[in-house]
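# Observations on the model geometry
Here is what each chain is made of, one letter per residue.
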Amino acid sequence: MSADVIARTTSTRAPSPRARAAKRMLQRLPALLVIAFVLVVVLYPLLWLVLGSFKTQPEFLSEPFWSLPQQWNFDNYTEAFVEGGLGRYILNSAIATLPSLGIQLIFGLGAAFALEIMVWKGRGTVLLMFLAGIMIPVQMILLPLFTIYFNLHLTGTRWPLIITYVAMGLPLTVFMMATYMRAIPREMFEAAELDGAGVYRQFWYFAVPLVRNAIFTVGLVQFFFIWNDLLVAMTFVQSSELRTIQVGLLNFTGEYGAVSYGPMFAGIAVNVIGTLIIYLFLNQKVMKGLAAGAVKG
Amino acid sequence: MHRTLGDPKAVLVLLGPALLVYTLVMLVPIFWSLGYTVMDGNALRGFEFVGFDNFARFFQDPTAMETLWFTVRYALVLTVLQVVVGYLLALLYVFVLRRSSSLVRTAVFFPVILPTVAVALLFQRMFELAPTVGPVNAVLDFLSLGSIDWLGESGTAFWVIIAMDVWRSMGFYAVLLYAGIVDIPDDVIESARMDGASGLRLVRSIVIPMSLPVLLSAIIFSVNGTLKVFDTVIALTNGGPGTSTTPLTVYMFRASFQYGSYGYGSTIALMLAILCLLVTLFIFRSSRRDLTKG
């Protein structure tokens, strides 16, 4: 690691330990200031958001931006949920996201197993075909899909969202799952086969548990991709009943006429903090899974 | 051996669902979309064949040219800033914070996973002038530089969009490039130090050339993402003032769903796809030439 190198070179030069420490502090001061600046730039907007979600409309209009809220109650949150319909938007997003994520992961795992572990002619070509999908702009498929859903009378239901999300995520999911499966030693499957395990048994009881970490990682990436999507949701959802949280938040200002700052900040805060919690929780799980895998290996 | 793993029925059962969905929802629509480029009309009204009119219209449409110019300008500026800021952060992680960088890395990564819509609405408030004065204008006032109607003028609105996207994505590029710099073997850096290289010189002649492959993929990734910008613009400026901050993607969306012209919309989408492909190929080609020269 380069850190040792730097530490060693500085230690040979400096005369006494205390002078060395002081000199090093002084040398590092500009860097520490830069780090402090970066952290303020990243974290201050989030802090401002949370503080703002507790302020009343007059506080927004007449107090300076750095003033603290005068009360700590959840009135803005209540208003965002009751009058803004935030709860319905979150529910809509969850109903669209979770099934698409589940279907996508199961389909992707099956396809990756068939393309990477199983042996048959033409599997390389099919894998390449999936890969090509990563580069296609979504804009190219929106209009034909709109026509298809319209003619199948799916417009106005949740199906267009779920179907489109599954298909859009498949190229990356298949590609990443295939990469992880390539790392499994082939002897595992040969041994399983000698023991009389059928192909579905090998898939479900050997391959899938072995790529468990990959499932978490890919799942995390795809979850945020679907949850944060605006383009597909804007295209296929017309009725306000089915709006996802992103589309709903975008129309938040419109419903009140004049901007009602408090509830709006509360709405943004729920969206932001919810995402952060999911990230921190799942990220930890991924790390734990990695650690467990390392111990076993 | 491998009799069970060669079972065609099992291949069909495991691969079939994914392949079917992928083909019907991605591959077929791509070719379908190519067909739309020579048509006029929409799903509700029906279609008629118009030949290459849509392409001619695209190149004569001043709004289309304006959006194309905005897209290119935005992609160029943002790619440079994203990669440069990301690289500086990565250098900070590796050479200054060293092993204690994980907390800072996680914090700077936060904005990456946040919903663009939420961030855009937040930035709208931060750069607001009226009815409330946002933090940015308040600071400008305090320094007696005078406040600015950031989102009301096309010039400043462009930079607010850029600022927001740099804020949102720098953590991602920092981690991506960090992985590339950390992979440089220690003995290479150590021997360069023994030869007397330090600070800027070490970065310029050792670190940058050694992390060039990661840098290149970061640039390609960034260009392809920024050329397709949609959420940021829709939520932050909605393309305004006028159409001055409208990228191709938003114009395609308007042409298709507001003016009901699927043919023209598909043509714009195709132009975007071609643009992405050309830029990627160009970066690949120019980087290979540089490698042979060096």
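Everything quoted here is computed from the prediction, not taken from an experiment. (Residues numbered from 1 in each chain as written. Chains lettered and ligands numbered in written order. Predicted model: local features only at pLDDT ≥ 70, side-chain atom pairs only at ≥ 80, totals over all residues.)

Helix and strand counts for chain A come out as 15 helices and zero strands. For chain A, with 297 residues in total, the buried portion stands at 36%. (Helix = DSSP H or I, 4+ residues; strand = E, 2+ residues; numbered from the N terminus. Buried ≥ 20, exposed ≤ 12 C-beta atoms within 10 Å, placed from the backbone.)

Turning our attention to the overall build of chain B. Along chain B, the regular secondary structure elements total 13 helices and two strands. Relative to its length of 294 residues, chain B is extended, with a C-alpha radius of gyration of 24 Å against a globular reference of 19 Å. Referenced to the eigenvectors of the C-alpha coordinate spread, the extents of chain B come out at roughly 80 × 70 × 40 Å. Buried positions account for 42% of the 294 residues belonging to chain B. (Rg over C-alpha atoms; globule rule 2.2 N^0.38 Å.)

Moving on: helix 7 (residues 139-151) of chain A. Along helix 7 of chain A, the residues classified as buried are Q139(A), M140(A), I141(A), L142(A), L143(A), P144(A), L145(A), F146(A) and Y149(A). Just downstream of helix 7 of chain A lies H153(A), where phi reads positive at about 55°.

All names here are of chain B. As defined by bridge partners, strand 1 (residues 39-42) adjoins strand 2 (residues 46-49) across four bridges and the pair is classed as antiparallel. By the bridge assignment, N42 is partnered in strand 2 with G46. Count of turn residues in the strand 1/strand 2 antiparallel hairpin: three residues. (Pairing = 2+ DSSP bridges.)

Here we come to the domain arrangement of chain B. Residues and elements named next belong to chain B. When its domains are assigned, chain B resolves into domain 1 (4-49) and domain 2 (62-293). The straight-line distance from the C-alpha centre of domain 1 to that of domain 2 is 33 Å. Across the contact, 10 residues belong to domain 1 and eight residues belong to domain 2. (Domains from an automatic or database assignment. Contact = placed C-beta atoms within 7 Å.)

Between helix 8 (residues 159-182) of chain A and helix 1 (residues 8-36) of chain B, the least distance of the axes is 9 Å, while the angle of their chain directions is 115°. Along this stretch, helix 8 of chain A crosses helix 1 of chain B, giving a crossing that reads as left-handed. Two secondary-structure elements touch here, helix 8 of chain A through I163(A), T164(A), V166(A), A167(A), L170(A) and V174(A) and helix 1 of chain B through A18(B), V21(B), Y22(B), V25(B) and M26(B). Of the residues belonging to the contact of helix 8 of chain A with helix 1 of chain B, the class tally is 10 nonpolar, one polar and no charged. (Axes fitted to C-alpha atoms, helices over the stretch in contact; angles between N-to-C directions. Left-handed = near helix turned anticlockwise from the far one by under 90°. Nonpolar A, V, L, I, M, F, W, Y, C, P; charged D, E, K, R; others polar.)

Mapping V72(B) onto the fold places it in helix 3 (residues 62-97). In this structure, the C-alpha to C-alpha distance between V72(B) and T226(B), residues 154 residues apart in sequence, is 8.9 Å.

Moving on, we come to the domain arrangement of chain A. You can read the domains of chain A as domain 1 (2-52) and domain 2 (83-250). The C-alpha centroid of domain 2 of chain A is placed 42 Å from the C-alpha centroid of domain 1 of chain A.

Facing 70 residues of chain A, the contacting portion of chain B comprises 69 residues. With 10 residues, the top contributor of residues to the side of chain A that touches chain B is helix 2 (residues 17-52) of chain A. Here the side of chain A that touches chain B is composed, by residue class, of 55 nonpolar, 13 polar and two charged.

This part is about the confidence of the model for chain B. In this model, chain B carries a mean pLDDT of 88, and residues with pLDDT of at least 70 account for 97%. Two summary scores accompany this predicted model of the complex, namely pTM at 0.86 and ipTM at 0.86. (pLDDT = per-residue confidence, 0-100.)

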